[in-house]
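An overview of the molecular structure
Chain residues, written in single-letter form:
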Amino acid sequence: AEHGIPVGLVASCSASAFATRPEIRRRLPDVPVFRLEPLDPGQLAQAVGGMLGRRPPPAHISRQLFDVTDGQPVYVEEAVRDLLASGTMRADDGNRVEWGGSNLRITYPRRARQDAQTILGEQPVLHRRVLEAMAVADLEVPLDLLAAGLEWDRDEVRLVAEQLVAEQVLRWVSHPRDRLTE
């Protein structure tokens, strides 16, 4: 008789990668999926303090971490690991952390860069054109400005933008929905 041995598998991937790859769901149809929502800057600071077993980082450090991770828990963890590995951040025997001074520049985690390259590589040409125009214009771009820059009709840009929002590549940042951000 065979004896089953319970095995636990934990994996992470972006929501868009999971949604666009049906073979994962087909191979593992009964796997529970737990979505980790992005952290806001305050939650991020608390999470970093918890990871380090120390006080939360100063507000300017939390903001930089938020800016390079968009609050995504997996990216936050990697960014903190990178800071520790580089020696930029050092912990004392107490409850304090030395964060490398006022000139500290936190870089995008490697996994975030790889995920971005993968997502961009999978986008149709028209979607990439919208993303490229956004990168040139600013982090937050009014839809009218994006349409003018691309020399497209506003409705054409909105259609592509809505598809990119649905794929969680972009998000709307104002109401009514007239500004996008990466």
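Quick caveat: nothing in here was measured; it's all calculated off a predicted structure. (Residues numbered from 1 in each chain as written. Predicted model: local features only at pLDDT ≥ 70, side-chain atom pairs only at ≥ 80, totals over all residues. Heavy atoms only, no water.)

A word on the overall build of the protein chain
Applied cut-off: The helix and strand labels rest on DSSP assignments: H or I over at least four residues marks a helix, E over at least two residues marks a strand, and numbering proceeds from the N terminus. Burial classes follow relative accessibility: with a 1.4 Å probe on protein chains only, a residue under 20% of its type's maximum area counts as buried, one over 50% as exposed, and anything between as partly exposed. For this analysis, residues touch if any pair of their heavy atoms sits within 4.5 Å. Here the open area of atoms and residues is found with the Shrake-Rupley method and a 1.4 Å probe, where only the protein chains shown may cover a residue.
For the protein chain, the helix and strand inventory stands at nine helices and five strands. What you see in the protein chain, going N to C, is helices and strands ordered as α-α-α-α-α-β-β-α-α-β-α-α-β-β. Expressed as a percentage of the 182 residues in the protein chain, the buried residues total 29%. In the protein chain, of all internal contacts separated by at least 6 residues, the share reaching a separation of at least 24 is 56%. When the accessible surface of the protein chain is split by element, carbon and sulfur atoms take 53% of a total near 12,200 Å².

Quick look at the environment of Ala116
Position of Ala116 relative to the elements: it lies in helix α6 (residues 110-122). Note: C-alpha distance between Ala116 and Val169 (53 residues apart in sequence) is 8.8 Å.

Section: the packing of helix α8 (residues 143-150) against helix α9 (residues 154-166)
Put simply, the rule reads: For helices, the fitted axis covers only the stretch in contact; all axes are lines through C-alpha atoms, and the angles between them, taken along N-to-C directions, range from 0 to 180 degrees. Small angles under 35 degrees read as roughly parallel and large ones over 145 as roughly antiparallel, with 65 to 115 read as roughly perpendicular and the rest as oblique. Crossing handedness: left-handed means the near helix sits turned counterclockwise from the far one by under a right angle, and right-handed means the same turn made clockwise. All amino acids are sorted into three groups, where Ala, Val, Leu, Ile, Met, Phe, Trp, Tyr, Cys and Pro are nonpolar, Asp, Glu, Lys and Arg are charged, and the leftover types, Gly among them, are polar.
Packing of α8 against α9 brings their axes to within 9 Å, and their N-to-C directions diverge by 110 degrees. Relative to α9, α8 is oriented roughly perpendicular. You can see that α8 and α9 cross each other, and the crossing is right-handed. Residues Leu143, Asp144, Leu146, Ala147 and Leu150 of α8 pack against Arg154, Val157, Arg158 and Ala161 of α9. By residue class, the composition of the contact of α8 with α9 is six nonpolar, no polar and three charged.

Quick notes on the confidence of the model for the protein chain
Which entries qualify depends on this criterion: The pLDDT value expresses, per residue, how confident the predictor is, ranging between 0 and 100.
Mean pLDDT over the protein chain stands at 82; residues scoring 70 or higher make up 85%. The secondary structure element of the protein chain with the lowest average pLDDT is helix α1 (residues 15-20), at 62, and the one with the highest is helix α3 (residues 41-52), at 93.

Details of α9
Where we set the bar: To estimate the expected span of a helix, count its residues, drop one, and scale the result by 1.5 Å. The arc in question is the one spanned by the directions pointing from the helix axis to the C-beta atoms. We define a polar contact as two N or O atoms separated by no more than 3.5 Å, with the added condition that, inside protein, one atom must be a possible hydrogen donor and the other a possible acceptor, whereas residues neighbouring each other in sequence contribute only through side-chain atom pairs.
Under the 1.5 Å per step criterion, the end-to-end length of α9 is 18 Å for 13 residues, consistent within 8% with the ideal 18 Å. Along α9, the residues classified as buried are Val157, Val160, Ala161 and Leu164. Down the axis of α9, the buried side of the element spans an arc of 100 degrees, and every buried residue falls inside it. For α9, the exposed residues lying more than 90 degrees away from the buried face are Asp155, Leu159 and Ala166. Regarding α9, its N-cap is Asp153, as a side-chain oxygen of that residue lies 2.9 Å from the backbone nitrogen of Asp155 further along. Gln168 lies just past α9 and shows a positive phi near 60 degrees.

A few points about the side chain of Gln123
By the element assignment, Gln123 lies in the loop between α6 and α7 (125-137). Polar side-chain contacts of Gln123 include one of 3.1 Å to the side chain of His127. Sequence-distant contacts of Gln123, defined by excluding residues within four places in its chain, comprise Arg128, Leu131, Leu164, Glu167 and Val169.

A closer look at the nonpolar core
Heads up, the rule is: Remark: nonpolar core denotes a set of buried residues (Ala, Val, Leu, Ile, Met, Phe, Trp, Tyr, Cys) joined through side-chain atoms within 4.5 Å.
Judged by nonpolar contacts, the single largest core of 18 residues is most densely connected at Val130, Leu146, Leu150, Val157 and Leu164. Of all the secondary structure elements, the ones that give two or more residues to this core are α7, α8 and α9. The next biggest cluster of nonpolar side chains, apart from the first, holds 17 residues, and it includes Leu44, Leu65, Val80 and Trp99.

A few points about the environment of Pro124
With respect to the helices, strands and loops of the structure, Pro124 is situated in the loop between α6 and α7. Owing to a relative accessible area of 42%, Pro124 belongs among the partly exposed residues under this scheme. A sequence separation of 36 residues divides Pro124 from Val160, and the C-alpha atoms of the two residues are 9.9 Å apart.

Some words on the packing of helix α5 (residues 73-86) against α6
Packed helices, taken two at a time, are described by the angle their axes make and the gap between the axes. Relative to each other, α5 and α6 sit at 135 degrees, their axes nearing to 8 Å. Comparing the axis directions of α5 and α6 gives the class oblique. From α5, Val74, Tyr75, Glu78 and Asp82 reach across to α6, where they touch Arg110, Arg111, Ala112 and Asp115. A per-class count over the contact of α5 with α6 returns three nonpolar, no polar and five charged.

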